[in-house]
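# Descriptive analysis of the structure
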Amino acid sequence: MELNCLGMRCPLPIINLARAIKVDAEIILLSDDPATLADLSAWSRMTGHSFEVIGPDKYLIKRL
Amino acid sequence: MSKAGTVLRVGSITGNFQSESPLHPAARAFLSDAFDRGWADPTKIPVASRQAAILQNEAKEIFASHLGIQSRHLEFLADPSLGFHLGISGLLNPGSTLFFSAVDRSEVFAIAESSGGQRLPVSIKGEVQYPSGDTDDVLAWQAINGETGIRSAQPQDFAGRIFVDATGSGHLADLPSNWRTALWSSKSWQGPAGLGIFAVADRSIWKNPLPHLDNAITNSEYSLPLAMASALALEAHVLEYKENLARITEINSFIRNYVSTEIPDVDIAGSNESAVPHLLSFSILYTDAQRLVAELDQKGFAVDSGSACSSANLEPSHVLAAMGLLTHGNIRMTLHNEISEVEVKNFLKTLKEIVRELRE
């Protein structure tokens, strides 16, 4: 599933991602918030997910 | 509680966990006296100037004894941030490499931007691997990180010249034996703002990066009365820090334990072992720092935050990002000497309640 969070500011992209990934085990997140990259790494560590950058402002997140 | 402690309590704001605090009462009590006695130019001959020179020397001796340097190495700066340029650029040669860490202050990044340099990565625990370097290389070494309170390891193996950033550590910085320049900020011991303490260990290898005609480090004017007041604040702060150390250490552990057990999903920077007891930073997942800070403020608690949404430029704290710590929902606390256990418990109860509401 693709989750469009463009234009949203932290912590909204991570909050929306956390909701979405409960439904789908894999999410493509679109986010241009400057805190997203740093927060994805911390959030993945804290909650047991993995992520990779797949394009500009584009991330692939997986449940572990 | 001593008489001084009573005065301190009356003069302080309750619930202040911000890094800034009101001027230390010891400095404030002396201010008008300081302006009466320290107004003259200490370099001139008349009696008022000679008196000012004596006071200047006394102030320098107080700073030197508490900061672990010699008074002849010491220089007062009206603009503390100028000390980064003096301290780092003054050590650089054309062939030098500047090493600095990803959690250094932005003033260091600004110098590296123009002089070039190598940014050293920082682990999630705040550790930095220092290179051995060449004798001409320069290391900007931060004694204690002002956001997380994490102490840096001693850069013993570094062969080059070391600039010590002690602006976040005050009198707690342990100077490496091979330090060459160092900078402190008067604000870190509740002294007046607008005063930096700069030191050069060896003038023979330091070259003044500012335009200059003589041997003076700067020709900028600083306020001698404020320097005298700052020296008294430092003296009192050192004593109170010692007196309160065990208590503040216990409060810090209590907060760490509380937020990690009572509030789900909190990312805490460092540990009791790696960080100094009076600083603490933690981030609360799925919360908006701007709202946290505002709600806490309404309930009478003032805290700092390194989150993007609470900063003017929408960029998160580069310290949190470099360490891989959560950057949203960040709360940064300074545990001042006069903070009470009751205040802290009330703060934590309030914080827990606010987080629950924000997460709903």
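Residues numbered from 1 in each chain as written. Chains lettered and ligands numbered in written order. Predicted model: local features only at pLDDT ≥ 70, side-chain atom pairs only at ≥ 80, totals over all residues.

## Observations concerning the overall build of chain B
This is how the line gets drawn: Helix and strand definitions follow DSSP, with helices as H or I runs of at least four residues and strands as E runs of at least two, each counted in order from the N terminus. Note on method: radius of gyration uses C-alpha positions; expected globular size equals 2.2 Å times residues raised to 0.38. Working definition of burial: number of other C-beta atoms within 10 Å of the residue's own, with buried at 20 or more, exposed at 12 or fewer, and partly exposed in between, all C-beta atoms being placed from the backbone. Once C-beta atoms are placed from the backbone, any two residues with those atoms within 7 Å are in contact.
When helices and strands are counted, chain B shows nine helices and 10 strands. For chain B, the C-alpha radius of gyration of 21 Å lies close to 21 Å, the compact-globule estimate for 360 residues. C-alpha atoms of chain B, sized along the principal axes, occupy 70 × 50 × 35 Å. Residue burial in chain B is summarised as follows: out of 360 residues, 48% are buried. A sequence separation of at least 24 residues applies to 64% of the contacts in chain B between residues at least 6 apart.

## Some words on unusual backbone geometry
Here the bond from Cys10(A) into Pro11(A) is cis, since omega is 5 degrees, no more than 30 degrees from zero. For Pro11(A), the location among the structural elements is in the loop between β1 (2–4) and α1 (12–23). A positive phi angle is found at Asp57(A), which is not glycine, with a value near 60 degrees. Looking at where Asp57(A) falls in the secondary structure, it is placed in the loop between β3 (49–55) and β4 (58–63). Backbone geometry places Asp265(B), a non-glycine residue, at a positive phi of 55 degrees.

## Focus: the interface of chain A and chain B
Put simply, the rule is: Throughout, the ten residues Ala, Val, Leu, Ile, Met, Phe, Trp, Tyr, Cys and Pro are labelled nonpolar, Asp, Glu, Lys and Arg are labelled charged, and all others, Gly among them, are labelled polar.
If you look at the interface, chain A gives 14 residues, while chain B gives 20 residues. Put simply, the parts of the chain that give the side of chain A that touches chain B at least two residues each are α1 and α2 (36–47) of chain A. With six residues, α2(A) is the largest single contributor of residues to the side of chain A that touches chain B. Here the side of chain A that touches chain B is composed, by residue class, of 11 nonpolar, one polar and two charged.

## Considering the nonpolar core
Residue and element names in this part refer to chain B. So the rule is basically this: The term nonpolar core means buried Ala, Val, Leu, Ile, Met, Phe, Trp, Tyr and Cys residues held together as one set by C-beta atoms within 7 Å. An automatic or database domain assignment supplies the start and end points of every domain.
Formed by 110 residues in total, the largest nonpolar core has its most connected members in Ile88, Val164 and Met228. If one sorts the elements of this core by residue count, helix α6 (residues 224–262) sits on top with 13 residues. Formed jointly, this core draws a minimum of three residues from each of two domains, domain 1 (25–237) and domain 2 (244–359).

## Here we look at α2(A)
To keep it simple, the criterion reads: Helices are assigned an expected span. That span is 1.5 Å times one less than the residue count.
Between its first and last C-alpha atoms α2(A) spans 15 Å; for 12 residues at 1.5 Å apiece the expected length is 16 Å, and the two agree. Contacts from the buried residues of α2(A) go to α1, β3 and β4 of chain A together with β8 (266–268) and α8 (318–323) of chain B. The positive-phi residue at the C-terminal boundary of α2(A) is Gly48(A), with phi of around 75 degrees.

## Considering α6(B)
Counted only if it meets this: Two axes enter the definition of the bend at a residue: one is fitted to the seven residues ending there, the other to the seven starting there, and the bend is the angle between them.
Along its 39 residues, α6(B) runs just 49 Å from first to last C-alpha, ending more than 12% under the 57 Å computed at 1.5 Å per residue. Along α6(B), the sharpest change in direction is near 55 degrees and occurs at Leu245(B).

## Comments concerning the domain arrangement of chain B
All names here are of chain B. Along its sequence, chain B is carved into domain 1 (25–237) and domain 2 (244–359). For domain 1 versus domain 2, the distance between C-alpha centres works out to 29 Å. Taken together, the 14 residues of domain 1 in the interface contact 16 residues of domain 2. A breakdown of the residues in the side of domain 1 that touches domain 2 according to their chemical character gives seven nonpolar, four polar and three charged.

## A look at the packing of helix α2 (residues 25–37) of chain B against α6(B)
Residue and element names in this part refer to chain B. The line we're drawing: Angles shown run from 0 to 180 degrees and are taken between the N-to-C directions of axes, each axis being a line fitted to C-alpha atoms and, for helices, limited to the stretch in contact. For classification, angles of less than 35 degrees are called roughly parallel, those exceeding 145 degrees roughly antiparallel, those between 65 and 115 degrees roughly perpendicular, and all remaining angles oblique. Two helices cross in a left-handed way if the nearer one is turned anticlockwise from the farther one by less than a right angle. They cross in a right-handed way if the turn is clockwise.
Direction vectors running N to C along α2 and α6 enclose 155 degrees, while the axes themselves pass 9 Å from each other. Overall, the two elements α2 and α6 adopt an arrangement that is roughly antiparallel. Between α2 and α6 the crossing geometry is right-handed. Judged by residue contacts, Ala26, Ala27, Phe30, Leu31, Ala34 and Phe35 of α2 engage Pro225, Met228, Ala229, Ser230, Leu232, Ala233 and Ala236 from α6. Tallied by class, residues from the contact of α2 with α6 come to 12 nonpolar, one polar and no charged.

## Considerations on the sheet that holds β1(A)
All names here are of chain A. What counts, and what does not: Strand pairing is assigned whenever DSSP detects at least two bridges linking the two strands.
Pairing in this open sheet of four strands is mixed, and the strands run β1-β2-β4-β3 from one edge to the other. The sheet is open, and its two borders are formed by β1 and β3, each paired with just one other strand. Going across the sheet, the axis of each strand differs from the next one's by a mean of 25 degrees, ignoring polarity. Pairing of β3 with β4, which is carried by six bridges, proceeds in the antiparallel orientation. Considered in β4, the bridge of valine 53 is made with tyrosine 59. Running at roughly 160 degrees to strand β2 (residues 26–30), α1 makes contact with β1, β2, β3 and β4 of the sheet. Sheet strands in contact with α2 are β3 and β4, and its direction is about 155 degrees off that of β3.

## Some points on the environment of Ala236(B)
Residue and element names in this part refer to chain B. Along the chain, alanine 236 falls in helix α6. For alanine 236, a count of 21 C-beta atoms within 10 Å puts it in the buried group. When the C-alpha atoms of alanine 236 and tryptophan 189 are compared, they prove to be 8.7 Å apart, with 47 residues separating the residues in sequence. Those residues in contact with alanine 236 that sit more than four places away from it in its chain are His24 and Ala26.

## Re the sheet that holds strand β2 (residues 98–101) of chain B
Residue and element names in this part refer to chain B. One open sheet holds the seven strands; their spatial order is β1-β7-β6-β5-β4-β2-β3, and the pairing between them is mixed. Since the sheet does not close on itself, it has two edges, and those belong to β1 (74–77) and β3 (118–120), each with one partner. Between one strand axis and the next, the sheet turns by 20 degrees as a mean value, whatever way the strands run. The pairing of strand β6 (residues 179–185) with strand β7 (residues 196–200) spans five bridges and is classified as antiparallel. By the bridge assignment, serine 185 is partnered in β7 with glycine 196. Each of β2, β4 (138–142) and β5 (161–165) is contacted by helix α5 (residues 106–115), which is oriented at about 145 degrees to β2, the strand it contacts most.

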